[in-house]
Amino acid sequence: MTNSVNMLLALYCLTAVVQGCGFPPIAKAISQWYSKSERGGWYSLWNTSHNVGGALAPLIASAVIAYTGNWRYALHVPAAITAAQAVIAAILMRGKPENYGLPNVGEWRNDTKQLEINKRSEAGLSMWVMFKRYILTNPIIWLAIGGDLCIYVIRTVTNDWVSVYFVKELGWDLVKSNSLVAWFEAGGILGGLTSGIISDKFFGADRWKTILIYSFVLIAGMVGVVFIIHIDYMLVALCFFIIGAGIYAPQMLFALGIIEASHADGAGAATGLKGGVTYIGAALAGAPIAMIETAYSWSGVFTLLAAIAVTLVVLTCVIIRVDSKRLPM
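Residues numbered from 1 in each chain as written. Predicted model: local features only at pLDDT ≥ 70, side-chain atom pairs only at ≥ 80, totals over all residues. Heavy atoms only, no water.

### Topic: the overall build of the chain
Stage number 1. Within the chain, the regular secondary structure consists of 13 helices and zero strands.
Stage number 2. Since a compact globule built from 329 residues should have a radius of gyration of about 20 Å, the 21 Å found for the chain is in line with a globular shape.
Stage number 3. Counting only C-alpha atoms, the chain reaches 60 × 45 × 35 Å along its principal axes.
Stage number 4. The 329 residues of the chain split such that 41% are buried. (Helix = DSSP H or I, 4+ residues; strand = E, 2+ residues; numbered from the N terminus. Rg over C-alpha atoms; globule rule 2.2 N^0.38 Å. Buried < 20%, exposed > 50% of the residue type's maximum accessible area, 1.4 Å probe, protein only.)

See the structure below:
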């Protein structure tokens, strides 16, 4: 029995590793085929796949189990869909435009912001030198990773602990409490879809100032839950919608901002570093949160989340200040 459990855990961890490998190459492709001034909108559109996939996954799994009567097919069918998508991506995705005799996207679009990134990105560097010089020692990237870590902790707590709190503490039924997650994801779709477009159109592709605005949206939703949690279900659901928008927008923009703060060819490495560190946030929302709840009750958990939200705002303000003073590399 112990060996079976260990094998299951190992396979589960392996699936997480493989899933994590999907983000960096796609992020790199988007950064190479769309210039900075237009990238936010396209990146936002792609980012909604997280929410759409998260919404479709339980529906597909439930339908497969209902149709076949075998729970194992709930794993096999999504795996087959994923494999088919991987084959399509391998066939249709391309390297950067220059590999096919096309001009750099910044030159083609005459995008001055992209040309600035190109200008500060030294050519002819090895992968390690580029990673060390433009990513590993870049203060903006580490500040952004810290901000994204805050987002991941709040997001994971919201996803994983909502039903526990509302069922255990408030006596809600499971369906009613889990419906808040649906509202949260719906808000995430709106936030993720609009944030890149807003940063492109209204803030001159400045991701950090847009993140700051959505951080206050997140805090507003969190404060709203505290004040109306015992009043009305729809008001609570609306707050979770707002929280979803306030989480998924900065999450998307942090990834995009990190790409644009690194080397022009370093999107994959930069997002890989971000993903490796920020998934720690997901782990920190598991056993540590349970330990805090046990020791300090739910008020301790809520105090921690409030402190993390404030830290998010502070880090974003620091990024804005550092970025405004950054000299060309």
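### Re the packing of aromatic side chains
Stage number 1. Applying the stated criterion across every chain yields a total of five aromatic pairs.
Stage number 2. Relative to Trp46, the ring of Tyr43 has its centre 5.1 Å away and its plane inclined at 80°; by these criteria the two rings are edge-to-face. Of the two residues, Tyr43 and Trp46 are both situated in helix 3 (residues 36–68); the distance of three residues between them amounts to about one turn of the helix. The residues Tyr43 and Trp46 share a single accessibility class, namely buried. (Phe/Tyr/Trp six-rings, centres within 6.5 Å; stacked < 30°, edge-to-face > 60°.)

### A word on the pattern of salt bridges
Stage number 1. On inspection of all chains with the given rule, the structure shows seven salt bridges.
Stage number 2. Note that Glu260 is salt-bridged to Arg39, the shortest N-O span being 3.0 Å. One end of the pair, Glu260, is in helix 11 (residues 233–261); the other, Arg39, is in helix 3, and 221 residues separate them in sequence. Each member of the pair, Glu260 as well as Arg39, is classed as buried.
Stage number 3. Of the charged contacts in the structure, one is a salt bridge between Lys209 and Asp206, with a shortest N-O distance of 4.0 Å.
Stage number 4. Classification of Lys209 by relative accessible area gives partly exposed; the value is 41%. (Salt bridge = Lys/Arg side-chain N within 4 Å of Asp/Glu carboxyl O.)

### Concerning the nonpolar core
Stage number 1. One finds Tyr43 and Phe166 to be the most contacted residues of the largest nonpolar core, which totals 64 residues.
Stage number 2. No other element matches helix 11, which puts 15 residues into this core.
Stage number 3. The contact partners of Phe166, leaving out residues within four places of it in the chain, are Gly171, Trp172, Ser177, Leu180, Ile229, Val236 and Phe240. (Core = buried A, V, L, I, M, F, W, Y, C linked by side-chain atoms within 4.5 Å. Contact = heavy atoms within 4.5 Å.)

### Considerations on the side chain of Thr271
Stage number 1. Here Thr271 is to be found in helix 12 (residues 267–284).
Stage number 2. Thr271 gets classed as buried once you look at its relative accessible area, which sits at 2%.
Stage number 3. If we ignore the near neighbours within four places in the chain, the residues touching Thr271 are Phe23, Pro24, Ala27, Ala255 and Ile259.

### Focus: unusual backbone geometry
Negative phi is the rule for most residues except glycine; trans is the rule for most peptide bonds.
Stage number 1. The phi angle at Asn110 is positive, at roughly 50°, despite the residue not being glycine.
Stage number 2. With respect to the element layout, Asn110 can be found in the loop between helix 5 (105–109) and helix 6 (112–120).
Stage number 3. Despite not being glycine, Ala205 has its phi angle at roughly 65°, a positive value.
Stage number 4. Mapped onto the secondary structure, Ala205 falls in the loop between helix 9 (174–202) and helix 10 (207–228).

### Let's talk about the environment of Arg155
Stage number 1. By the secondary structure assignment, Arg155 is in helix 8 (residues 139–168).
Stage number 2. Given a relative accessible area of 21%, Arg155 falls into the partly exposed group.
Stage number 3. When the C-alpha atoms of Arg155 and Phe184 are compared, they prove to be 9.6 Å apart, with 29 residues separating the residues in sequence.
Stage number 4. When sequence neighbours within four positions are dropped, the list of residues in contact with Arg155 reads Phe184, Ile247, Tyr248 and Gln251.
Stage number 5. A polar contact of 3.0 Å, which involves the side chain of Arg155, links it to the side chain of Gln251. (Polar contact = N/O pair within 3.5 Å; in protein donor to acceptor, adjacent residues only side chain to side chain.)

### Description of a nonpolar patch on the surface
Stage number 1. A cluster of nonpolar side chains, Val52, Leu56, Leu59, Ile60, Ile81 and Ile189, forms an exposed patch at the surface whose accessible area comes to about 460 Å².
Stage number 2. Examining the composition of the nonpolar patch, we find that four residues originate from one element, helix 3, more than from any other.
Stage number 3. Relative to the elements of secondary structure, Ile60 occurs in helix 3. (Patch = residues over 30% accessible without salt bridge, like charges linked within 9 Å, V, L, I, M, F, W, Y side chains within 5 Å. Areas by Shrake-Rupley, 256 points an atom, 1.4 Å probe, with all protein chains shown as cover.)

### Looking at the packing of helix 10 against helix 11
Stage number 1. Orientation of helix 10 relative to helix 11, taken along the N-to-C sense of each, is 155°, at an axis distance of 8 Å. Here helix 10 is positioned roughly antiparallel relative to helix 11, judged by the angle of their axes. Where helix 10 crosses over helix 11, the handedness of that crossing is left-handed. (Axes fitted to C-alpha atoms, helices over the stretch in contact; angles between N-to-C directions. Parallel < 35°, antiparallel > 145°, perpendicular 65-115°, else oblique. Left-handed = near helix turned anticlockwise from the far one by under 90°.)

### Brief notes about the confidence of the model for the chain
Stage number 1. Confidence in the prediction for the chain averages 84 pLDDT; 96% of positions are at 70 or higher.
Stage number 2. Mean pLDDT per element in the chain: helix 1 (residues 2–20) is the minimum at 75, and helix 10 is the maximum at 92. (pLDDT = per-residue confidence, 0-100.)

### Some thoughts on the packing of helix 8 against helix 9
Stage number 1. Relative to each other, helix 8 and helix 9 sit at 160°, their axes nearing to 8 Å. Relative to helix 9, the element helix 8 lies roughly antiparallel. Considering the relative orientation of helix 8 and helix 9, their crossing is right-handed. Side by side, helix 8 and helix 9 meet where Arg155, Thr158, Asn159, Val162, Ser163, Phe166 and Val167 of the first sit next to Leu174, Ser177, Asn178, Leu180, Val181, Phe184 and Glu185 of the second.
Stage number 2. Each residue belonging to the contact of helix 8 with helix 9 can be placed in one class, and the counts come to seven nonpolar, five polar and two charged. (Nonpolar A, V, L, I, M, F, W, Y, C, P; charged D, E, K, R; others polar.)

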